Amino acid sequence: MNQTSVELLFQHISQEQLRETLGDPTLPQKEKKENKQNEKEWEPPIPFDENRLPAFPASIFPNWLRAYVEGVAESTQTPIDAASIGALSVLSTALTKKFYISITPEWSESLNTYSILALPPGNRKSSVFKALQEPITTFEKEERERIEPLISEQRATLKARKKRVEQLEKDYAKKGDNIILNEITALNAEIDNEEILTIPRFITGDVTAEKLGVLMGENNERIAVLSAEGGGVFSNMAGRYSNDGRANIEIYLNGHTGDYTPIDRIGREPILLNEPCLTIGLFVQPEVIRDVPPSFDERGLMQRFLYSFPPSIVGYRKTNPESIPEDVRSAYMQNIKKMMQLFAEEPVKLTFTKSANEKQLGLREYLESMFRDGERLADMKEWGGKLAGQIIRISGLLHVSEYVESLTLGNPDIKSIPSKISLETFIRACKLLNYFIDHAQKAYGVMAIGEGVEDAKHLLKYLQQSGKERYSRQEVWQGTKGRFKTTDRYDMAINELEERNYIKKVERNTTGRGRKSYDLLLNPIPTNPNIPINAPNADISRNTSKREKNPTNSQQFLEINKGKNK
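Scope of this entry: the structure provided in the associated data block.

Each value, and the rule that gives it
- For every chain, the first residue of the written sequence is number 1, and numbering continues from 1 along that sequence.
- Selection of residues for local features in this predicted model requires a pLDDT of at least 70, selection of side-chain atom pairs for listing and counting requires 80 or more, and totals for whole chains, interfaces and linings are taken over all residues.
- Side-chain numbers come from the whole structure's heavy atoms, not from hydrogens or water.
- Secondary structure is summarised from DSSP: a helix means a run of H or I of at least four residues, a strand means a run of E of at least two, and numbering begins at the N terminus for each.
- For the exposure calls, accessible area comes from a 1.4 Å probe over protein chains only, and a residue counts as buried if that area is under 20% of its type's maximum, exposed if over 50%, partly exposed in between.
- Surface accessibility follows the Shrake-Rupley procedure with a 1.4 Å probe radius. Residue values consider only the protein chains on display as shielding.
- In the sections that follow, a salt bridge refers to a side-chain nitrogen of Lys or Arg positioned within 4 Å of a carboxyl oxygen of Asp or Glu.
- The directions considered for the arc are those from the helix axis to the C-beta atoms.
- Here the axes come from fitting lines to C-alpha atoms, over the contacting stretch only for helices, and the angles between their N-to-C directions go from 0 to 180 degrees.
- The cut-offs work like this: below 35 degrees is roughly parallel, past 145 is roughly antiparallel, 65 to 115 is roughly perpendicular, and the gaps in between are oblique.
- The handedness criterion is simple: a crossing whose near helix is rotated anticlockwise from the far helix by less than a right angle is left-handed, and one whose near helix is rotated clockwise is right-handed.
- Should any heavy atoms of two residues lie within 4.5 Å, those residues are considered in contact.
- When residues are sorted by character, Ala, Val, Leu, Ile, Met, Phe, Trp, Tyr, Cys and Pro go into the nonpolar class, Asp, Glu, Lys and Arg into the charged class, and all the rest, Gly among them, into the polar class.
- DSSP bridges decide pairing: two strands pair if at least two such bridges lie between them.
- Side-chain rings of Phe, Tyr and Trp (the six-membered ring for Trp) are treated as a pair once their centres are within 6.5 Å; stacked means planes under 30 degrees apart, edge-to-face means over 60, and tilted covers the remaining angles.
- Distance and angle both matter: a charge sits over a ring if NZ of Lys or CZ of Arg is within 6 Å of the ring centre and within 35 degrees of the ring normal.
- Put simply, a nonpolar core is a bunch of buried Ala, Val, Leu, Ile, Met, Phe, Trp, Tyr and Cys residues held in one set by side-chain atoms that sit within 4.5 Å of each other.
- In the analysis that follows, any N or O atom pair within 3.5 Å is treated as a polar contact, provided that within protein one partner can donate a hydrogen and the other can accept it, and provided that, for residues neighboring in sequence, both atoms belong to side chains.

## Some remarks on the overall build of the protein chain
1) Next: Scanning the protein chain from terminus to terminus reveals 23 helices and 14 strands.
2) Next: By residue count, 47% of the 566 residues in the protein chain fall in the buried class.
3) Next: Summed over all atoms, the accessible surface of the protein chain reaches about 29,200 Å², with 48% contributed by carbon and sulfur.

This is the structure in structure tokens:
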């Protein structure tokens, strides 16, 4: 009797193994019917707290900046948050050390900010950064070309003076003439007092702490660390290039507050920074936040950052988006250049109008109430303790950006910027309060999340996107083994989903020896699809003017400020 192909196959593999690998063609309709019949037996899934976070309210910006931010978001097909957070970093880069805000005689705030935006790979973070940094990098190039001839001239002059000193020292050694000695002394004083010109730098990226100190020392104790791939910056902070591998974050801690920072160097003179002002703007992958060393949080570094975790819109992007209008781009380029050209011997003091000052007092009282047990900032007191100062800094950035359009390109007069921050401007800065609180809660949640939860999320995404209701364990393993290098890790993700009622393990009716196999049954109770609210089809701008929450309109805030708005 001739054996069929199936009979030959079963000599080497059991029917159960065949179904495990190829699936049983009789199962789908039967299982779908059984799954629906058993829907009442399921409990609702326990979500991973993937709450939809608020969109960045781009309406806080003056019209010229808002138009560019929205244009960048549209042209790059990225969340409005990315361009908005980047814009704050650009304003900080341009205006730090030129203005400061005096709140009380004992308390003032500079205008530098630290920010982190987290997005998965493939979200065009570099394109956003390039579009926003362009006026700064262009200005830096122009300044370099202007100053290089002056540097060459200065070097030649100093070289000539030093040679003159050498000759005079020889003459003095022979003659002992005091006139010669006086000339030597005068020339040495001129050499020592000469302010050495350097190529100006406004932006840096992946540098060591020591190099960062050198750059700040050469650039009026200010610089910006901006990077579309900010993971390398955190690696440097953690001591990637240090001799002992230890984290060196003093300059990052002090650069936010402007505290005195000495940097000792072996075999070289120390760098002494009296009031360093550092801007940090990083776009990173979410895993970078999760993997920061505990010491960064313990020493207060992570509490200095403003966070943004917009949803990825990959899969919902337009294939033919609109370009940034030329007049919008030109206005942005010119206004940022004016900010870069602003000059003052000493930083200009800004203060609040009377009504704005009353409002900032009310804001601080409102924030203080959030530190009580059970309130929003109860578990983030250190981060929340800096939030009032962060909002005040942003109000200063918004204030200057409102008046820059009227300045003259090429010779903007810094004295033309009013010294009083208005109530309207401060209220617009307050619109970021809920945004940054919600996104910081997400950030601190990410820092606490283990790898197992991320694995479970990845597995759930695979199951939901495949469109089936029942899977064999082996089938899913084959589809996700790029993520799971070991079966133990895979089984832990399955157990996490089962504990959260997303799936059930259903044993197969197997016979014989060996490991018992099972199928994965997906919970039929529908869950809301995680479609990003800033997908282009839902308006790339995310309707910020309609969605944004204004904390100054909340009942609690109004009660705190009752009678203060007159």
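## Structural notes on the pattern of salt bridges
1) Next: Considering all chains together, one arrives at 24 salt bridges under this definition.
2) Next: The shortest N-O distance in the salt bridge between glutamate 221 and lysine 97 comes to 3.7 Å. Residue glutamate 221 is located in the loop between helix H8 (209-218) and strand E5 (222-227), and its partner lysine 97 is located in the loop between helix H5 (80-95) and strand E1 (99-104); the two are separated by 124 residues in the primary sequence.
3) Next: Note on lysine 97: relative accessible area 15%, which makes it buried.
4) Next: Residue glutamate 145 pairs with lysine 141 through a salt bridge whose shortest N-O separation is 2.7 Å. You can see glutamate 145 and its partner lysine 141 sitting in helix H6 (residues 125-175), four residues apart, about one turn around the helix.
5) Next: Here the residues in one salt-bridge network are Glu134, Glu326 and Arg329, joined through shared partners.

## So, helix H20 (residues 473-480)
Residues separated by three or four positions in an α-helix point in the same direction, a consequence of the helix having 3.6 residues per turn.
1) Next: Buried within H20 are the following residues: Arg473, Val476, Trp477 and Thr480. Seen from one end, H20 has its buried residues packed into an arc of 105°, which puts them on one side.

## Remarks on the packing of helix H4 (residues 63-76) against helix H13 (residues 326-341)
1) Next: At their nearest, the axes of H4 and H13 sit 9 Å apart, and the two run at 125° to each other. Judged on the interaxial angle alone, H13 and H4 are oblique. The handedness of the crossing between H4 and H13 is left-handed. For the pair H4 and H13, the contacting residues are Trp64, Leu65, Ala67 and Tyr68 in the first and Val328, Arg329, Ala331, Tyr332, Asn335, Ile336 and Met339 in the second.
2) Next: Partitioned by chemical class, the residues of the contact of H4 with H13 number nine nonpolar, one polar and one charged.

## A few points about the sheet that holds strand E14 (residues 518-522)
1) Next: In spatial order, the strands read E12-E14-E13; together these three strands make up an open sheet with antiparallel pairing. The open sheet has two edge strands, strand E12 (470-472) and strand E13 (503-507), and neither has a second partner. For this sheet the average axis-to-axis angle between neighbouring strands, irrespective of direction, equals 30°.
2) Next: Here five bridges tie E13 to E14, and the two strands are oriented antiparallel to one another. Residue pairing across strands places valine 506 opposite aspartate 519, the latter belonging to E14.
3) Next: Across the face of the sheet, H20 comes into contact with E12 and E14 while running at roughly 80° to E12.
4) Next: Helix H21 (residues 487-499) contacts E13 and E14 of the sheet and is inclined by roughly 115° relative to E13.

## Looking at the packing of aromatic side chains
1) Next: On inspection of all chains with the given rule, the structure shows 15 aromatic pairs.
2) Next: Counting every residue linked through ring pairs, the aromatic cluster contains Tyr114, Phe234, Phe296, Phe305, Tyr307 and Tyr444.
3) Next: The residue whose ring lies beneath lysine 504 is tryptophan 42, and the NZ or CZ to ring-centre distance is 4.5 Å.
4) Next: Over the aromatic face of tyrosine 518 sits the side chain of lysine 505, whose NZ or CZ is 5.3 Å from the ring centroid.

## Quick notes on the nonpolar core
1) Next: Membership of the largest hydrophobic core comes to 117 residues, with the highest contact counts inside it found for Phe234, Tyr252, Tyr307, Trp383 and Phe436.
2) Next: Setting aside anything within four residues of it in sequence, one finds phenylalanine 234 in contact with Ile116, Leu282, Val284, Val288, Val292, Phe296, Met302 and Phe305.
3) Next: Counting residues in hydrophobic clusters, the runner-up holds 18 residues, among them Leu463, Ala493, Leu520 and Leu522.

## Considerations on the side chain of threonine 76
1) Next: When you line up the elements, threonine 76 lands in helix H4.
2) Next: Here valine 72 takes part through its backbone oxygen, which lies 2.6 Å from a polar atom of the side chain of threonine 76.
3) Next: Apart from the residues within four sequence positions on either side, threonine 76 is in contact with Arg124, Ser127 and Val128.

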